[in-house]
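# Observations on the model geometry
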Amino acid sequence: MSGSIRRIMEKAYKNVLSNPREAKFAFKMQQLFAKSEKRRRRVKEQEGFDVPPFLISSIATQCNLHCKGCYARSNGIAQDDATARKTTLSPEQWKQIFMESAEMGINFSLLAGGEPMMRKDILEAVAEVKDMIFPIFTNGTLIGPSYLDFLHRHLNMVPIISIEGTAIGTDARRGQGVFQRALQSMEMLWDPYRPVIPIRLTTRHWLHSSSPRSKKKRVCVS
Ligand code: SF4
């Protein structure tokens, strides 16, 4: 898992260098990462416990899709029935957790669910923690004008859109029309807001990917 996350971030980092605003942000984060690494080492030496370099946080217990083999639904994290849903933390509680994490030298938290984009209230709160980057693992179907504006304002919020290679593979697992909707989101994100669109593909489907932008080097594949 950590190798895959590292590859995503390395590719995303390389891509942002061609955009002045993002390059400035990347430079600032690079300096912060170096400081955080020292901080984690210091905690280890002085207090004897390991601070992880990144977190995975399930912030949502809802999802708008019903994919086959969904981990979150099979273990009860995501529920359609509101009364069956587990109690969730508030936006302010998540923000507090990430502020404390950043102080300890953690700079990344993957945001998962359910579908994290169903919790814009939480995303808006945690985006204010500027010393952290939040890759958002999303099915990509909820991105519209309001999310475009949000993602443009907060460079530390990085959508990672999941597809299963082709339209056939994606729709068979995720539902009819999901591939097109995810592709539409990628197109919307492409211009004018973000030159980087990380996409998570299963490796065995990569050769068959038909994204119209997939030949451009800015597409990042893990
Ligand atoms: S989008 Fe993710 S959380 Fe939602 S049903 Fe599909 S696999 Fe599960």
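## Topic: the overall build of the protein chain
Counting its secondary structure elements, the protein chain contains 8 helices and 6 strands. When the helices and strands of the protein chain are listed from N to C terminus, the series reads α-α-β-α-α-β-α-β-α-β-α-α-β-β. When burial is assessed residue by residue, the protein chain has 32% of its 222 residues classed as buried. For the protein chain, restricting intrachain contacts to residue pairs at least 6 apart in sequence, the fraction spanning at least 24 positions comes to 71%.

## Side note on the site of the ligand
Neighbouring the ligand are 13 residues; Cys63, Cys67, Cys70, Ala72 and Asn139 lie closest to it. The class makeup of the residues in the shell around the ligand is 6 nonpolar, 4 polar and 3 charged.

## Some details on helix H4 (residues 91-104)
In this model H4 runs 20 Å from its N-terminal to its C-terminal C-alpha over 14 residues, within 8% of the 20 Å that 1.5 Å per residue would give. All of the buried residues in H4 are Trp94, Phe98 and Ser101. The buried residues of H4 occupy an angular sector of 55° when the element is viewed end-on, so they sit on one face. Within H4, the exposed residues directed more than 90 degrees away from the buried face are Glu92, Gln93, Glu100 and Glu103. Considering only its buried residues, H4 is in contact with strand E1 (54-58), strand E2 (108-112) and helix H5 (120-126). In the stretch just after H4, Gly105 is the one whose phi turns positive, near 100°.

## Some points on the nonpolar core
Within the largest apolar cluster, 33 residues are counted, with the highest numbers of intra-cluster contacts made by Val126, Phe134, Ile136 and Ala182. When residues of this core are traced back to their parent elements, those giving at least two are H4, E2, H5, strand E3 (134-138), helix H6 (145-153), strand E4 (157-162) and helix H8 (178-190). Counting residues per element, this core draws most heavily on H8, which supplies 6 residues. Leaving out residues up to four positions away in the same chain, Phe134 has contacts with Ser109, Leu111, Val126, Asn156, Met157 and Val158.

## With respect to the pairing of E3
Of all the 5 residues making up E3, 4 are buried; the element is thus mostly covered by neighbouring parts of the structure. By the bridge criterion, 5 bridges tie E3 to E4 in an arrangement that is parallel. Residue pairing in the sheet places Thr138 in a bridge with Ile161 of E4. After leaving E3, the chain enters H6 and then returns to the sheet as E4, a path that is right-handed.

## What about the environment of Phe33?
Inspection of the secondary structure puts Phe33 in helix H2 (residues 20-47). Each C-alpha atom, one on Phe33 and one on Ile106, is 8.5 Å from the other, the two residues being 73 residues apart in sequence.

## Concerning the confidence of the model for the protein chain
Mean pLDDT over the protein chain works out to 84, with 77% of the residues at or above the 70 mark. The spread of mean pLDDT over the elements of the protein chain runs between strand E6 (residues 219-221), the lowest at 34, and H5, the highest at 98. In this model, residues 206-222 is a region of pLDDT below 50 whose contacts with residues beyond four sequence positions or in other chains number 35 contacts.

## Topic: unusual backbone geometry
In this chain, Gly113 is followed by Gly114 through a cis amide linkage whose omega measures 15°. Within the secondary structure, Gly114 is located in the loop between E2 and H5.

## Quick look at the environment of Glu128
Structurally, the position occupied by Glu128 is in the loop between H5 and E3. Of the residues examined, Glu128 has 13 C-beta atoms within 10 Å and is grouped as partly exposed. Spatially, the C-alpha atom of Glu128 lies 9.8 Å from that of Phe98, the residues being 30 residues apart in sequence.

## Re the packing of helix H7 (residues 167-174) against H8
Two numbers describe how H7 lies on H8: the axes approach to 7 Å, and their chain directions differ by 115°. Judged by the inter-axis angle, H7 sits roughly perpendicular to H8. In this structure, H7 uses Ala167, Thr170, Asp171 and Arg174 to contact H8, whose residues at the interface are Val178, Phe179 and Gln180. Looking at the contact of H7 with H8 residue by residue, the classes come out as 3 nonpolar, 2 polar and 2 charged.

Rules and cut-offs
Residues numbered from 1 in each chain as written. Predicted model: local features only at pLDDT ≥ 70, side-chain atom pairs only at ≥ 80, totals over all residues. Helix = DSSP H or I, 4+ residues; strand = E, 2+ residues; numbered from the N terminus. Buried ≥ 20, exposed ≤ 12 C-beta atoms within 10 Å, placed from the backbone. Contact = placed C-beta atoms within 7 Å. Near = placed C-beta within 6 Å. Nonpolar A, V, L, I, M, F, W, Y, C, P; charged D, E, K, R; others polar. Expected span 1.5 Å × (residues − 1). Arc of directions from axis to C-beta. Core = buried A, V, L, I, M, F, W, Y, C linked by C-beta atoms within 7 Å. Pairing = 2+ DSSP bridges. Right-handed = clockwise from strand over helix to strand, strands pointing away. pLDDT = per-residue confidence, 0-100. Axes fitted to C-alpha atoms, helices over the stretch in contact; angles between N-to-C directions. Parallel < 35°, antiparallel > 145°, perpendicular 65-115°, else oblique.

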